[in-house]
Amino acid sequence: MGYYAYVNCNCFQEGRTTEPPYPEYVRINDQGFYLDTELLSSKKARMISSAFGEWRRSACEHLNMTVLFTSVSNMSDMQRFFRMLYQLGGKDKFPILSKYLPLPVDPMQTLPAKFAQRALTELDVIMNCEVLEDTLILRKKNSCENCALTNDLYHSLELTWTIDCEYKYYIDKNGFFIVEAISNEEVFRSMNFIQEEISSDEKYYRFIDSITGKSFDCSMKVDRSSDNLVEFEIIIESGKASENYKYIIHSLRKALKASIMTGNPVIWH
């Protein structure tokens, strides 16, 4: 799951679209326009909404009447971005980004156009920041592929695909570790370890510490590769925020510039 940003065009307000179906239900607000079907039966409201959605796809020169639609981030990277904002000064230094970026509890909020320029200025501060950020990484040694990462070095990070499993996998600054879900007992920990497939029929895996040789067998693997033998390590890397969050910053800048150009808000989805 991830976050996307889009900015609506002004074609409808400027009379540069085809005639919408059921125009008597179209209303204009500060986010553009919408359907007001609150007083209709659910069946009729669904019919009108479906026809309206079909019309939007090709009503003007912009697909779905948006001047921009872009991917911003996955959920875990956005959480890291918020934690970085807090570490660099939080809402006192970044009041607009701290308040209006998408949150898991309210991913449908918007960033009003009147704050877009200020948000761009805050992004410039991050881009020019020289402070280094430490990132804890679970990495495949042979390919340098990152399997999990966090910028919170004071708490453990649970690998999301083990949430409902018999055993849970975590990382912290002291290594990768496995915990029995019911008893919460730690059964394996390592900074450098090998994952070996020991039963292809039943999909069973052995985790072996590269230094001590201690091992533990489990039915879940860390990565999604088909390799029978994979070596992992826990490392800490330091880097500038402008590099660590380059993709997020680039996507946000595109969305904010589109908001300034149109006068319409950035809508998170």
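In this report, we go over the structure that sits alongside the text. In this text the structure is predicted, and so the values were computed from the model without any measurement. (Residues numbered from 1 in each chain as written. Predicted model: local features only at pLDDT ≥ 70, side-chain atom pairs only at ≥ 80, totals over all residues. Heavy atoms only, no water.)

This paragraph deals with the pattern of salt bridges. All chains considered together, the criterion is met by 16 salt bridges. Here arginine 80 makes a salt bridge to aspartate 77, at a shortest N to O gap of 3.1 Å. One end of the pair, arginine 80, and the other, aspartate 77, are both in helix H2 (residues 75–88), 3 residues apart, so they sit about a helical turn from each other. Measuring nitrogen to oxygen at the nearest pair gives 3.6 Å for the salt bridge that ties glutamate 231 to lysine 141. In this pair, glutamate 231 is assigned in strand E15 (residues 229–240) and lysine 141 in the loop between strand E6 (132–140) and strand E7 (145–150), connecting sequence segments 90 residues apart. (Salt bridge = Lys/Arg side-chain N within 4 Å of Asp/Glu carboxyl O. Helix = DSSP H or I, 4+ residues; strand = E, 2+ residues; numbered from the N terminus.)

The subject of this paragraph is the sheet that holds strand E1 (residues 2–8). Overall, antiparallel pairing links the 4 strands, which are arranged E4-E1-E16-E5 in an open sheet. In this open sheet, the two edge strands, each paired with only one partner strand, are strand E4 (66–74) and strand E5 (110–111). Here E5 runs beside strand E16 (residues 266–268); their pairing, made up of 2 bridges, is antiparallel. Looking at E16, one finds that threonine 110 is bridged to isoleucine 267. Lying over the sheet, H2 contacts E1 and E4, oriented at roughly 80° with respect to E4. This element, helix H7 (residues 246–262), spans E1, E4, E5 and E16 of the sheet and lies at about 155° to E4. (Pairing = 2+ DSSP bridges. Contact = heavy atoms within 4.5 Å. Axes fitted to C-alpha atoms, helices over the stretch in contact; angles between N-to-C directions.)

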